[in-house]
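The chain contents come next:
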Amino acid sequence: DDIIDTILYAAEGDMRKAISTLQAAAIGTDIITKEIVLATSVIINKEFVKKMVDSAFDGKFIESKNYLVNLMFDDGLSGEDIIKGILKYLLNSAIPDVILSSMLEVVGEIDFRLTEGANEYIQLNTLLAHFVSIGDKHT
């Protein structure tokens, strides 16, 4: 069940992606484990995203940036993957609407800049700085 849940999470409702994830996990092994599925698919660490966003909102920019560095450089995630993870976290959290709308506005702007080819690291640091600023206004 754990393996199926991990594949479903990685696929995000896309059957083709689920099949591709399963195929990638099956290469070179007879037994598929959750760890193999995680290693062969791009799955963002939800807990790191939560800590990164919450740290920024609490005014802890350096702590937040350290989570970003881990996601980008240790986990090898792209800016687009991190933006998707942040968006998923924000939309599934209990953040008040007035704060959420400010945060989503920043996410949209940074996503647009990334799409235009801007530097991922600089833009995601900018996003975190905006979250710090939003947190300062609402605490």
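In this report, the structure presented in the accompanying data block is examined. (Residues numbered from 1 in each chain as written. Predicted model: local features only at pLDDT ≥ 70, side-chain atom pairs only at ≥ 80, totals over all residues. Heavy atoms only, no water.)

What follows deals with helix α2 (residues 15–26). With 12 residues, α2 extends 16 Å between its outermost C-alpha atoms, agreeing within 8% with the 16 Å of an ideal straight helix rising 1.5 Å per residue. Among the residues making up α2, those that are buried are A18, T21 and A25. Each buried residue of α2 sits inside an arc of 65° when the element is viewed along its axis, so together they form one side. Facing away from the buried side of α2 by over 90 degrees, the exposed positions are M15, R16 and Q23. As for α2, its buried residues are in contact with α1 (2–11) and α3 (34–40). The backbone nitrogen of R16 has a side-chain oxygen 3.0 Å away, supplied by the residue at the start of α2, namely D14. Just downstream of α2 lies G28, where phi reads positive at about 80°. (Helix = DSSP H or I, 4+ residues; strand = E, 2+ residues; numbered from the N terminus. Expected span 1.5 Å × (residues − 1). Buried < 20%, exposed > 50% of the residue type's maximum accessible area, 1.4 Å probe, protein only. Arc of directions from axis to C-beta. Contact = heavy atoms within 4.5 Å. Polar contact = N/O pair within 3.5 Å; in protein donor to acceptor, adjacent residues only side chain to side chain.)

Another point: the packing of aromatic side chains. Following the criterion strictly, the structure yields two aromatic pairs and no others. Between F48 and Y67, the ring centres sit 5.3 Å apart and the planes meet at 80°, which makes this aromatic pair edge-to-face. Here Y67 lies in helix α5 (residues 61–74) and F48 lies in helix α4 (residues 46–57), a separation of 19 residues in the sequence. Its relative accessible area of 18% is what places Y67 among the buried residues. With 5.6 Å between their ring centres and 50° between their planes, F73 and Y121 make a pair best called tilted. Of this pair, F73 sits in helix α5 while Y121 sits in helix α8 (residues 120–137); the two residues are 48 residues apart in sequence, bridging distant segments of the chain. (Phe/Tyr/Trp six-rings, centres within 6.5 Å; stacked < 30°, edge-to-face > 60°.)

These results come straight from atomic positions and should not be treated as a statement about function.
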